[in-house]
Amino acid sequence: PHRRPQYPPTERMAILELRAARGWSLEQTAKTFLVTAATIASWMKRLDEEGSDALVQLRQPVNKFPEFVRYIVQRLKRLCPAMGKVKVAETLARAGLHLGITTAGQMLKEKRRWPQPPADKIDEMAPDRVVAAKYPNHVWHVDLTTAPTSLGFWCPWLPFALPQFWPFCHWVAVVVDHFSRRAMGVAAFKSQPSSEAVRAFLRRAIAKAKHNSPRPLGEGPGVRAHERERSRTKTCPKYIICDRGKQFDCEDFRDWCRRKGIKRPRYGAVGKHGSIAVVERFILTLKTLLSCLVLVPCRHEKFQQEITAIAYWYNSCRPHTWLGGKMPDEVYHGRYPANRKPRYEPRSHWPRGSPCAKPHALVRGKPGARLTLEVSFHAGRKHLPIVRLKRAA
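Residues numbered from 1 in each chain as written. Predicted model: local features only at pLDDT ≥ 70, side-chain atom pairs only at ≥ 80, totals over all residues. Heavy atoms only, no water.

Points about the overall build of the protein
Our working rule: Secondary structure counts use DSSP, requiring at least four H or I residues in a row for a helix and at least two E residues in a row for a strand, with both numbered from the N terminus. Categorising residues by exposure relies on relative accessible area from a 1.4 Å probe, with only protein chains included: less than 20% of the type maximum marks a residue as buried, more than 50% marks it as exposed, and the intermediate range marks it as partly exposed. Note on areas: Shrake-Rupley with a 1.4 Å probe; residue coverage comes only from the protein chains shown.
Tallying secondary structure elements over the protein gives 12 helices and 7 strands in all. When the 393 residues of the protein are sorted by exposure, 47% land in the buried category. For the protein, the exposed area adds up to about 21500 Å²; of that, 55% sits on carbon and sulfur atoms.

Some words on the nonpolar core
Condition: By nonpolar core we mean a set of buried residues, namely Ala, Val, Leu, Ile, Met, Phe, Trp, Tyr and Cys, connected to one another through side-chain atoms within 4.5 Å. Two residues form a contact once any of their heavy atoms are found within 4.5 Å.
One finds Val172, Val174, Phe282, Leu286, Leu290, Phe303 and Ile307 to be the most contacted residues of the largest nonpolar core, which totals 31 residues. Of all elements in the fold, only strand E1 (139-148), strand E2 (169-177), strand E3 (183-189), strand E4 (239-242), helix H10 (277-290) and helix H11 (300-316) reach the threshold of two or more residues within this core. Setting aside residues no more than four positions away along its own chain, phenylalanine 303 makes contact with Ala147, His170, Val172, Ala188, Leu290, Val296 and Pro297. Listed in part, the 27 residues of the second largest apolar core include Val175, Cys236, Phe248 and Ile262.

Focus on the environment of isoleucine 206
By the secondary structure assignment, isoleucine 206 is in helix H7 (residues 195-211). Once you skip the residues sitting within four places of it in the chain, isoleucine 206 turns out to touch Trp140, Thr235, Cys236, Pro237 and Trp256.

Section: the packing of H7 against helix H9 (residues 251-259)
We apply this condition: To obtain an axis, a line is fitted to C-alpha atoms, over the contacting stretch when the element is a helix, and the angle between two such axes runs from 0 to 180 degrees between their N-to-C directions. Relative orientations are named as follows: roughly parallel for angles under 35 degrees, roughly antiparallel for angles over 145 degrees, roughly perpendicular for angles from 65 to 115 degrees, and oblique for any other angle. In this scheme, a crossing is called left-handed if the near helix is turned counterclockwise away from the far one by less than a right angle; it is called right-handed if the turn is clockwise. Note that Gly is not counted as nonpolar here; it falls among the polar residues with everything else outside the nonpolar set of Ala, Val, Leu, Ile, Met, Phe, Trp, Tyr, Cys and Pro and the charged set of Asp, Glu, Lys and Arg.
Put simply, H7 and H9 touch, their axes get as near as 10 Å, and they point 20° apart. By the criterion of interaxial angle, the relationship of H7 to H9 is roughly parallel. Considering only the axes of H7 and H9, their crossing is right-handed. When H7 is examined against H9, the residues Ser195, Arg199, Leu202, Arg203 and Ile206 are found in contact with a partner set consisting of Asp252, Phe253 and Trp256. For the contact of H7 with H9, the residue count by class is 4 nonpolar, 1 polar and 3 charged.

Some details on the confidence of the model for the protein
Selection criterion: Each residue gets a pLDDT score, which is the predictor's confidence in that residue and runs from 0 to 100.
When pLDDT is averaged across the protein, the result is 83; 83% of the residues are at 70 or more. The secondary structure element of the protein with the lowest average pLDDT is helix H8 (residues 225-233), at 49, and the one with the highest is E3, at 95. Here residues 111-128 is modelled with pLDDT under 50, and outside its nearest four sequence neighbours on either side it reaches 41 contacts, counting other chains as well.

Brief notes about the side chain of arginine 381
With respect to the helices and strands, the residue arginine 381 is situated in the loop between strand E6 (371-377) and strand E7 (385-391). Setting aside residues up to four positions removed in sequence, arginine 381 forms contacts with Gln305, Glu306 and Ala309.

Some words on a positive patch on the surface
Using the following cut-off: Surface patches are defined over residues having more than 30% relative accessible area and no salt bridge, joining like charges when they lie within 9 Å and nonpolar side chains (Val, Leu, Ile, Met, Phe, Trp, Tyr) when within 5 Å. Should a side-chain nitrogen of Lys or Arg be within 4 Å of a carboxyl oxygen of Asp or Glu, the pair is scored as a salt bridge. All tallies of charge rest on Lys and Arg as positive and Asp and Glu as negative; His and the ends of each chain are not included. All charge positions are set by atom: Lys at NZ, Arg at CZ, Asp at CG, Glu at CD.
On the surface, a cluster of positive charge is contributed by Arg203, Arg204, Lys210, Arg259 and Lys260. Looking at the positive patch, the element that brings in the most residues is H7, giving 3 residues. Judged by relative accessible area, lysine 260 falls into the partly exposed class, the value being 33%.

Considerations on the sheet that holds strand E5 (residues 266-267)
Which entries qualify depends on this criterion: DSSP bridges decide pairing: two strands pair if at least two such bridges lie between them.
Strands sit in the order E3-E2-E1-E4-E5 across an open sheet of 5 strands; the sheet is mixed. Every interior strand has two partners, whereas the edge strands, E3 and E5, have only one. Of the strand pairs in this sheet, E1 and E4 are connected by 3 bridges, and their pairing is parallel. Counterpart to histidine 141 in the pairing with E4 is isoleucine 241. Along the sheet, H10 makes contact with E1, E2 and E3, crossing E1 at roughly 30°.

Structure (structure tokens):
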């Protein structure tokens, strides 16, 4: 007996599977694998055992993630319930753990499914008015919206249903860079701003962009010389896309654009959904995050702080689906994206050279890493999470 082979649990299961396929008796199976018939019989009696101490175990697939990965995904969903499976996969990829979107969805299937916001769309403009952004600060989108305070938009009867000014709501002006999807500026107004106020807001955004200018475009056949030079020296946009509000569709605004070297403003199609989709998508995110507050601030200065914090988090902490999981700040400044850096591999038997969930990245350290989830919040705001992964001790 001391010279008999000692089979591990997975090989015992393989022996029993072979016995069933061949129709062997206990004696035939025992003779083939140099054990006793009583040993094979004891294996058959303990097939129902589960756990790591089971006598007979199935071979674990190399692509199966450990249970702690499921715990990390579900805990992140509990801490950040507005995240869907796409945003969960992109956020964890930036932290170093690459999961497929379907894998994250399977791990969340026992939880409540939250609706996903619509994906960003390319501008659906008329063929003769299409403007393609080729570098940062090439095309900017500008728009105005209203954000109700805790005192406003709450009564269906007159006169409270009509006023659209402070303290019932704030007017918000936003400007977004098309190429990087970066929020270049946000500003709150107590009432509907005039064209002069909007131009002053754009001047502040241009001045701020000068102190935060992007990296110049590199060499390459797809980059023209004048585009490379403009990206190096200019922070004022070449095109502005907006709607036909009275602040934009006027001679004063068009004259200001000419003085700044901006070509004639491009206006979105009237009544056509998606004609200014890039800035509308940012406004949807802004309003969704404001709705996470228990009370939307009524004080004008406090509300400005809230939307500024949201814009900062949107640029530097939130992966963007249109950008392939990159941050707008990474694209704007030409930084190496975090989701392309070496990743953690929790599957101990996964081959190092095998591809992972997109985007592909090399393995950091040895496979089989055990991880813990750390979630902090920007400026202490629970609706602005910052996700990190660390190796477990």
